[in-house]
Amino acid sequence: MEFSLITSPAESTHIDCLILGIFENHRHSQESSEFNTQTQGLIDNLIKRDSFDGTLGKTLTINFIPNHTYQRCVLVGLGRQDQPISSKNYRKVLTSAIKALNNTPATSATCCLTETPVENQNYAWKTRQVVEIFQGSCYQFGDLKSNFESTIKLTHIAIATPKDNLLDGEIGLTQGIALANAVEFTKNLADSPGNICTPSHLAEKALALSEQNNHLSTDILEEDEMAELGMGALLSVSRGSRQPAKLIILNYQGGKPESNPIVLVGKGLTFDAGGISLKPSAGMDEMKYDMCGGASVLGVFQALSELNLPLNVIGLVPTSENMPDGDANKPGDIVTSMSGQTIEILNTDAEGRLILCDTLTYAERFNPEVVIDLATLTGACITALGRHPSGLLGNDDALCADLLSAGTTACDPVWRLPLWEEYQDQLKSNFADMANIGGPAGGTITAACFLSRFSKNFRWAHLDIAGTAWKSGDQKGATGRPVPLLTQFLIDFSNNACN
Ligand code: BES
Ligand code: MN
Ligand code: ZN
């Protein structure tokens, strides 16, 4: 989909559909009032006839406009006019608008909704949301259906922007397009089935990314190189799979050569059957999504290279399958991690932390400014927080605060859980330095405690995205989260570094 800014929406001669906001009690927004005058009160007449009162998120489609260049018009309710609407409600309005628009045959539309006052948000933010939500709502994964015909007819959205706000609008447009493309890239990878999206496939996608941008390069570590580094925890997981593990290393050098990089680590389990501690079969297909952390890291690099941010960022994606096999990990096995610490594998289904711990140790060699890992790590996170925020844990309050704030701005929220030392006791093993599970109590926290033992030498935060990376049920599909959160974090970071 293409997006552009337009300063005089009413004068356009070639756009199909106009999207206008209407407040409760039939109160006009500025653009709807203008259009109403232009059409001799058509809007007033129709909203009264069809009792469209501007309730938040309600829509009314007008499919014929006499004597006007626009073919049709979608009216969207904005709720009460007496105060700015909340960010969440603005997103609801946009979601309803694009839904109504996609129910028309329009191929192009002008969106006038950015004129709506939104609490604490400027034109850049409002414009970016239009791009993210409109493009996000048009995503379909149809490549693997025979004779798939997309139901999406839209190709172009013009966003109405007053002349005085053009500068902000441009910022929002650029960021929105980069983000929407990155989220789409991540969703596509994540929705791909495990027999196609293997560790080698992820590695190829990462290599292809670096061809788009001169500042971006990709390296792939193979199993023999990981063995040389002593990555015994990571390799113990892939031993049970016919697919060789890969460690993807993305290097984006957009900043000063001497500035330390931000390191992003994404869990890339392309299928998690649980191993010998086999998962129950119901819903096991969703474990193709166990690589969403890795797919999001790749997505963030796609956004980075589109935005050309003045930062140095390293992406590390350990990728493997977790399968039952004659050579797979067995409960009770003890492995030696790259850090030298030994791990008793009491449950082979707690494999994410095994591939992450060696990658975190590997991250040390980059002298990171901060390290952020993202992983579909624990079902317990869904029990604790549901499917709205991602779980956040870390050893650095300032870093966690920055992630919380980026999550709010990007509408991709996180919620912090404690990482108190009391929980560390649950990882005691009688036979090794630690066990890989901490029992049923506080499973998200003990998983993070495990990772913290490999993150002592840098500022570190962990995002548990088990509840947020994809949706289950009849809406089953990847969300692209936390690409918006992390991209916002990097944008904020580069703004602060330049000031
Ligand atoms: N990938 C899963 C976590 C998961 C499960 C994410 C369901 C989303 C939905 C992870 O590898 C896993 O299996 N974790 C175990 C840990 C347990 C054995 C300590 C879990 O959550 O059950
Ligand atoms: Mn598992
Ligand atoms: Zn897993």
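Everything numeric here is computed off the predicted structure, so don't read it as measured data.

(A) Focus on the coordination of the zinc ion (ligand 3). The coordination sphere of the zinc ion (ligand 3) contains the protein donors K267 (NZ), D272 (OD), D290 (OD) and E351 (OE), at a distance range of 2.0 to 2.4 Å. Geometry at the zinc ion (ligand 3) is octahedral, judged from its 6 donor atoms and the angles of 77 to 176° they form at the metal. Read in sequence order, the donor residues for the zinc ion (ligand 3) give the motif K-x4-D-x17-D-x60-E. The two metals, the zinc ion (ligand 3) and the manganese ion (ligand 2), are separated by 3.1 Å and share D272 as a common coordinating residue. Of the two residues, D290 is situated in the loop between strand 11 (268-272) and helix 9 (292-307) and E351 in the loop between strand 14 (342-345) and helix 10 (352-363); the sequence distance between them amounts to 61 residues. Here D290 and E351 have matching classes, each one buried.

(B) Inspection of the sheet that holds strand 14 at higher detail. The strand order 13-14-18 describes an open sheet built from 3 strands, whose pairing is mixed. Of all strands in the sheet, those bounded by a partner on one side alone are strand 13 (333-336) and strand 18 (434-435). Pairing between strand 13 and strand 14: 4 bridges, direction antiparallel. Bridging across to strand 14, T336 finds its partner in T342.

(C) How the structure looks around the packing of aromatic side chains. Considering all chains together, one arrives at 6 aromatic pairs under this definition. Where F489 meets F493, the ring centres are 6.0 Å apart and the plane angle is 40°; that geometry is what we call tilted. Here the residue F489 and the residue F493 both occupy positions in helix 14 (residues 483-498), the gap between them amounting to 4 residues, near one helical turn. Here the basic side chain of K126 rests over the ring of Y123, its NZ or CZ set 4.7 Å away from the ring centre.

(D) The coordination of the manganese ion (ligand 2), seen in detail. Bound to the manganese ion (ligand 2) on the protein side are D272 (OD), D349 (O), D349 (OD) and E351 (OE), at distances that span 2.1 to 2.2 Å. Given 6 donor atoms and angles of 68 to 166° at the metal, the environment of the manganese ion (ligand 2) is assigned as irregular. Along the chain, the residues donating to the manganese ion (ligand 2) fall in the pattern D-x76-D-x1-E. Note on E351: relative accessible area 1%, which makes it buried.

(E) Region of interest: the site of ligand 1. Close to ligand 1 lie 17 residues; K279, D290, D349, E351 and G379 are nearest. Separating an oxygen atom of ligand 1 from a backbone N or O atom of G379 is a distance of 2.7 Å. When ligand 1 is considered free in solution it has 510 Å² of accessible area, and contact with the protein chains removes 78% of it. Here the residues of the shell around ligand 1 sort into 6 nonpolar, 4 polar and 7 charged.

(F) The pattern of salt bridges, seen in detail. With the rule as written, the count across this model stands at 15 salt bridges. Of the charged contacts in the structure, one is a salt bridge between E222 and K246, with a shortest N-O distance of 2.8 Å. Of this pair, E222 sits in the loop between strand 8 (216-221) and helix 7 (223-229) while K246 is found in strand 9 (residues 246-253), placing the two residues 24 residues apart along the sequence. A relative accessible area of 29% means that E222 is categorised as partly exposed. Between K267 and E351 there is a salt bridge, with its nearest N and O atoms 3.1 Å apart.

Basis of the calculations
Throughout this description, residue numbers start from 1 for each chain and increase along the sequence as written. All chains are assigned letters beginning with A, and all ligands numbers beginning with 1, in the order in which they are written. Totals for whole chains, interfaces and linings use every residue, but because this is a predicted model, local features are given only for residues with pLDDT of at least 70 and side-chain atom pairs only at 80 or more, for both listing and counting. Side-chain descriptors were evaluated using all non-hydrogen atoms of the structure, hydrogens and water having been removed beforehand. For Na, K and Ca the donor cut-off is 3.2 Å; for every other metal, N, O and S atoms count as donors within 2.8 Å. Water does not enter the count, which can leave sites looking incomplete. Only four donors with every angle between 85 and 135 degrees are called tetrahedral; only four or six donors with opposite donors over 155 degrees apart and all others between 65 and 115 are called square planar or octahedral, in that order; all others are irregular. Numbering goes from the N terminus for both helices and strands, where a helix is a DSSP run of H or I of at least four residues and a strand is a run of E of at least two. Buried means the residue's accessible area, taken with a 1.4 Å probe over protein chains only, is under 20% of the maximum for its type, while exposed means over 50%, and partly exposed covers the values in between. Strand pairing is assigned whenever DSSP detects at least two bridges linking the two strands. Side-chain rings of Phe, Tyr and Trp (the six-membered ring for Trp) are treated as a pair once their centres are within 6.5 Å; stacked means planes under 30 degrees apart, edge-to-face means over 60, and tilted covers the remaining angles. As a reminder, the over-ring test applies to NZ of lysine and CZ of arginine, requiring each to be within 6 Å of the ring centre and within 35 degrees of the ring normal. The near set for a molecule or strand comprises every residue that places at least one heavy atom within 4 Å of it. Throughout this description, a polar contact denotes any pair of N or O atoms lying within 3.5 Å of each other; where both atoms belong to protein, one of them has to be capable of donating a hydrogen while the other can accept it, and for residues adjacent in sequence the pair is counted only when both atoms sit in side chains. All accessible areas in this document rest on Shrake-Rupley with a 1.4 Å probe, and a residue is counted as covered only by the protein chains that are shown. Amino acid classes used here: Ala, Val, Leu, Ile, Met, Phe, Trp, Tyr, Cys and Pro are nonpolar; Asp, Glu, Lys and Arg are charged; the rest, including Gly, are polar. Whenever Lys or Arg places a side-chain nitrogen within 4 Å of a carboxyl oxygen from Asp or Glu, that contact is recorded as a salt bridge.

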